[in-house]
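Working through the structure, step by step
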Amino acid sequence: LERNEKNEYIGILPYIDGCSDSILIHPTLMGYPCLNHLHFPKNIKQTQHTHPSGRAGIVFRGCGTCVVMGEHEEKNNHSNLTNQVVKKYPLLPGMVFVIPKDAPHAFETDDKSTLDIIAFHPDSDYGPTATHHPMINRTIVDGVSASAIPSIQTSRDF
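For clarity, every value in this text was computed on a predicted model and none was experimentally measured.

What follows covers the overall build of the chain. Helix and strand counts for the chain stand at 1 helix and 13 strands. Reading the chain from its N end, one meets helices and strands in the order β-β-β-β-β-β-β-β-β-β-β-α-β-β. Its C-alpha atoms give the chain a radius of gyration of 21 Å, more than 25% over the compact-globule value 15 Å for 158 residues. Looking at the chain as a whole, 32% of its 158 residues qualify as buried. The contacts in the chain between residues at least 6 apart in sequence include a share of 66% that link residues at least 24 apart.

For the rest of this paragraph, the subject is the packing of aromatic side chains. Scanning all chains against the criterion turns up 3 aromatic pairs. Cluster of aromatic residues (ring-pair linked, three or more members): F40, F97 and F107. Its end group placed over the ring of Y9, R3 keeps NZ or CZ at 4.1 Å from the ring centre.

Another aspect to go through is the sheet that holds strand β11 (residues 115-121). Reading across from one edge, β3-β4-β5-β11-β6-β9 is the order of the 6 strands in this open sheet, with antiparallel pairing throughout. Two strands close off the open sheet at either side, each with one partner strand: β3 (13-14) and β9 (96-99). Both β3 and strand β4 (residues 20-25) contribute to a ladder of 2 bridges, which runs antiparallel. Bridged to P14 within β4 is S20.

Residues L1, L24 and I25 make up a contiguous nonpolar surface patch of roughly 280 Å² in combined accessible area. As for its placement among the helices and strands, I25 is situated in strand β4. Since its relative accessible area comes to 52%, I25 is described here as exposed.

The rules we used
Think of each chain on its own: its residues are numbered from 1, step by step along the sequence as written. With pLDDT at 70 or above as the cut-off, local features in this predicted model cover only qualifying residues; side-chain atom pairs require 80 or more to be listed or tallied, and sums for whole chains, interfaces and linings still use all residues. Excluded from the side-chain calculation are hydrogens and water; included are all heavy atoms of the structure. Strands here are runs of E lasting at least two residues and helices are runs of H or I lasting at least four, both read from the DSSP assignment and numbered beginning at the N terminus. With C-alpha atoms as the basis for the radius of gyration, the globule rule is written as 2.2 Å multiplied by the number of residues raised to the power 0.38. The classification of residues rests on relative accessible area computed with a 1.4 Å probe and restricted to protein chains. Under 20% of the type maximum is buried, over 50% is exposed, and intermediate values are partly exposed. Here a residue-residue contact requires only that any non-hydrogen atoms of the pair lie within 4.5 Å. Any two rings among Phe, Tyr and Trp, with Trp reduced to its six-membered ring, count as a pair given centres within 6.5 Å; such a pair is stacked if its planes are under 30 degrees apart, edge-to-face if over 60, and tilted if neither. The rule for a charge over a ring is simple: NZ of Lys or CZ of Arg within 6 Å of the ring centre, and within 35 degrees of the ring normal. Each pair of strands is called paired provided DSSP finds at least two bridges between the two strands. Patch definition: residues above 30% relative accessible area lacking any salt bridge, with like charges linked at up to 9 Å and the nonpolar side chains Val, Leu, Ile, Met, Phe, Trp and Tyr linked at up to 5 Å. Values of accessible area rely on a 1.4 Å probe in the Shrake-Rupley scheme; residue burial ignores everything except the protein chains shown. For salt bridges, the criterion is a side-chain nitrogen of Lys or Arg within 4 Å of an Asp or Glu carboxyl oxygen.

In structure tokens:
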């Protein structure tokens, strides 16, 4: 893991709202799972967001809060009203959590602590493919990448 000048763990990739992340285990193929380190500096109030698949995480350093938005139906005499309900879950080192697919959420930290999470993503939107990966891309035949020469590429049936 990377550290900044204050010796805090940080991610090497920019994320959202001043947060950062690092991919600890890359997807072995496009769409496969990956494992990330997420770093939240002090005083973060992250934008509410969702993910197209569930997430599982463990707090490995610091503390913060996971803010989850949910819908609540409240019935009165003549209609059904839907109100947003906010739940705040404290996050402490060693805690494990799951965020369901499409669940609106955000993370927050105060002025006393950063928050570092290891998060499992069951899918990804990038990674190597059968015809696009470092070995084939950087194999050059007569000045042309082997990724552009289908006649020499090994089939997926090997």
